Each structure stands twice: as structure tokens, then as C-alpha cells.
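Topology and contacts: notes
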Amino acid sequence: MALPKVGSIGEYIREQRQQAKISLRQLSAAAGVSNPYLSQIERGLRKPSAEILNQIAKGLRISSQALYVQAGLIEDREPPSDVIATIRADTLLTERQRQVLIDIYESFRKEHLAGDEQTSQNAHPQRDSETDDERPLPPELLAALEPYAASADNGAVNQETKEG
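Rules used in this analysis
- Residues numbered from 1 in each chain as written.
- Predicted model: local features only at pLDDT ≥ 70, side-chain atom pairs only at ≥ 80, totals over all residues.
- Heavy atoms only, no water.
- Core = buried A, V, L, I, M, F, W, Y, C linked by side-chain atoms within 4.5 Å.
- Buried < 20%, exposed > 50% of the residue type's maximum accessible area, 1.4 Å probe, protein only.
- Helix = DSSP H or I, 4+ residues; strand = E, 2+ residues; numbered from the N terminus.
- Contact = heavy atoms within 4.5 Å.
- pLDDT = per-residue confidence, 0-100.
- Axes fitted to C-alpha atoms, helices over the stretch in contact; angles between N-to-C directions.
- Parallel < 35°, antiparallel > 145°, perpendicular 65-115°, else oblique.
- Left-handed = near helix turned anticlockwise from the far one by under 90°.
- Nonpolar A, V, L, I, M, F, W, Y, C, P; charged D, E, K, R; others polar.

For the rest of this paragraph, the subject is the nonpolar core. Among the nonpolar cores identified, the biggest contains 17 residues, and Ile13, Leu27, Ile56 and Leu67 are the most heavily contacted of them. Breaking this core down by element, the ones donating at least two residues are helix H1 (9-19), helix H2 (24-31), helix H3 (35-42), helix H4 (50-60) and helix H5 (64-71). Among the elements that line this core, the one with the most residues is H4, at five residues. The contact partners of Ile13, leaving out residues within four places of it in the chain, are Leu27, Ile41, Glu42, Leu53, Ile56, Leu60 and Leu67.

This brings us to the confidence of the model for the protein chain. The predicted coordinates of low-pLDDT regions are not to be read in fine detail. Scored by pLDDT, the protein chain comes out at a mean of 76, with 70% of its residues at no less than 70. Low pLDDT (under 50) marks residues 1-7, which in the prediction has 14 contacts with non-local residues, meaning those over four places away or in another chain. Ignoring residues within four places in sequence, the model shows residues 151-162, a span with pLDDT below 50, making four contacts including any to other chains.

On to the packing of H2 against H3, then. Running from N to C, H2 and H3 cross one another at 110°; their axes reach a closest spacing of 9 Å. With respect to their mutual orientation, H2 and H3 come out roughly perpendicular. As for how H2 packs across H3, the hand of that crossing is right-handed. On H3, the residues touching Leu24, Arg25, Leu27 and Ser28 of H2 are Asn35, Leu38, Ser39 and Glu42. In terms of residue class, the contact of H2 with H3 is built from three nonpolar, three polar and two charged.

Right under this line is the structure:
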């Protein structure tokens, strides 16, 4: 599924800001861009540089690549998977939750692709003692998931056991 087509990069930024439920002033503060300049971008009066788009993407907590594609600075090489499209379409999730899920999904895909490259280079790849389920998540994903972790007793995660 391709990115939603809108008339301009400014309209796309406004749409993303409204979906994230943040004001123009809040985005301008988060992105480090002046309020009047951001307003002019949204109205199509100014064309932002790649650096400004990157700052706006961080303020919106979306992929800077999405803004670059929308602005025509880069081509969208690999179409997003159905999983990413489904995550983006889920209206019950916040923008932050969507981005965390997409980041996790993409990290698993990158790990798999890296494993495929290693397998093709080595005729007999050796496995570690760890299984896929025992490998720790990358630190940046752990940090992103931290607010959603169920914790009790000084941050220790409780694991329930089933009897019977």
C-alpha cells in the first residue's frame, strides 16, 4: 500500500499533525521550527529542506523517509508490507504506538534479512546456543516498549504460571 496521496507536503504534514492530535505550536516546539515557518509549510507557501523535514518527522514521531517520499526527495523503493499498512490503518492505536509496532516489525525483518545473507554466504551456518525466542530485543526497542511493560515490585516483571 502506497502512502496516502495528498496535494502537497504541507497538506501531508498537517494531516499527520492532526492525526497525532497536536497543535501547530506543539509541533513547532517539538521540531524546533518557528511557528510561522511551519504554518507556511502547511499552507504550501514554503518548501522545506530535507533537514527541516527530518526535524518535523521527529516532532511528529513518524519516519523521516515518509516525509522525504511525500516531498519527492526520494523514491519509495520497497512497498510497505500489509502488516505495516494494517498497523497504520488501526485507528485504535496512538501514533506513538503505531510507530513502536512498525519499528519492532522492521527490526525483525532486518534481522531475518541479515540471517538470510549470512546463510547464503556460508554453506553450513552455525547456530548459537540461543534460540530465536531467547535473543534479547535491541536496546532501542526495549526503551520504546518500557512504558507498556507490565511491572510490579520494584520493576520486576511477574510471570504467571498455569496449574492443571
